[in-house]
Amino acid sequence: MSQITLKGERVNTYGSLPEKGEKAPHFQLVKSDLSTATLEDFRGKRVIMNIFPSVDQGVCATSVRNFNQRATELDNTVVLCISRDLPFAQKRFVDDEGLKNVINLSDFRDRNFGKDYGLEMIDGPMEGLLSRVVIVLDENGNVIHSQQVPEIAEEPDYLAALKNLL
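The paragraphs below set out a description of the structure included in this document. (Residues numbered from 1 in each chain as written. Predicted model: local features only at pLDDT ≥ 70, side-chain atom pairs only at ≥ 80, totals over all residues. Heavy atoms only, no water.)

### A few points about the packing of aromatic side chains
Working definition: an aromatic ring pair is given by the centre-to-centre distance plus the angle between the planes. Threshold: Working definition: a ring pair exists when centres of Phe, Tyr or Trp rings (six-membered ring for Trp) sit within 6.5 Å. Plane angles under 30 degrees give stacked, over 60 give edge-to-face, the rest tilted. Under the scheme used here, helices are H or I runs from DSSP no shorter than 4 residues and strands are E runs no shorter than 2 residues, and both carry numbers assigned from the N terminus. A simple rule labels every residue: compare its accessible area, found with a 1.4 Å probe on the protein chains alone, to the largest value its type can have, and call it buried under 20%, exposed over 50%, or partly exposed in between. For a Lys NZ or an Arg CZ to count as sitting over a ring, it must be within 6 Å of the ring centre and within 35 degrees of the ring normal.
Across all of its chains, the model carries three aromatic pairs by this definition. A centroid spacing of 5.1 Å and a plane angle of 70 degrees characterise the contact between F67 and Y158, whose relative ring orientation is edge-to-face. Linking F67 in helix α1 (residues 58–71) with Y158 in helix α4 (residues 158–162), this pair joins segments that are 91 residues apart in sequence. Accessibility classification places F67 together with Y158 in one group, the buried group. Each member of the aromatic cluster is reached from another via a ring pair, and the members are F27, F113 and Y117. Here K115 stacks its cationic end above the ring of Y14, 5.8 Å away from the centre of that ring.

If you want it as structure tokens, here you go:
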């Protein structure tokens with residue numbers, strides 16, 4: 001279990017993030033068209049997982065915009081924006097914003113991603129949602145960077161995540 005904060009109040013997560021050098025756990029998430037995406041779908045590509053509580057929150061939306069912009073500069077890299085928002089809300093957001101460089105995925109269906117990756121919040125006002133995390137994978141699905149943002153209301157360290165891919 002990890003501890004983070006939401007505006008200074010303690011919040012616990014389900015477990016611990018995968019660590020650098022570990023193989024990323026398998027996942028099945030829902031795409032905007034309601035089909036399934038798995039980790040295997042991205043084998044051979046470098047992956048940035050931008051994980052957050054809800055795209056309807058300001059900091060979450062900002063992280064999607066920032067990774068969308070920065071992804072254009074990276075070769076062989078996909079940005080997965082993962083939350084428990086319904087795929088319809090995720091699609092509406094990227095369409096309204098004109099974002100083309102991110103793939104939105106939802107953990108609303110089986111809710112295993114948050115547990116398997118150790119980042120689901122298990123108490124506090126956002127209990128049941130995913131905490132703010134960035135995980136970067138190499139082409140073989142190995143973790144090369146992970147950050148549990150200590151304060152949910154703050155943005156992730158974009159540069160720390162991206163420097164692993166430059």
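Read on, since the account is not over.
### What to know about the pairing of strand β8 (residues 133–137)
For the record, the criterion: Only strands that DSSP links by at least two bridges are regarded as paired with each other.
In terms of burial, β8 is a largely internal element, five of the five residues being buried. Looking at chain direction, β8 and strand β9 (residues 143–148) are connected through five bridges and run antiparallel. Within β9, the position partnered with L137 by the bridge is V143. Remark: five residues form the turn of the hairpin made by β8 and β9, two consecutive strands paired antiparallel; G141 in that turn has positive phi of roughly 80 degrees.

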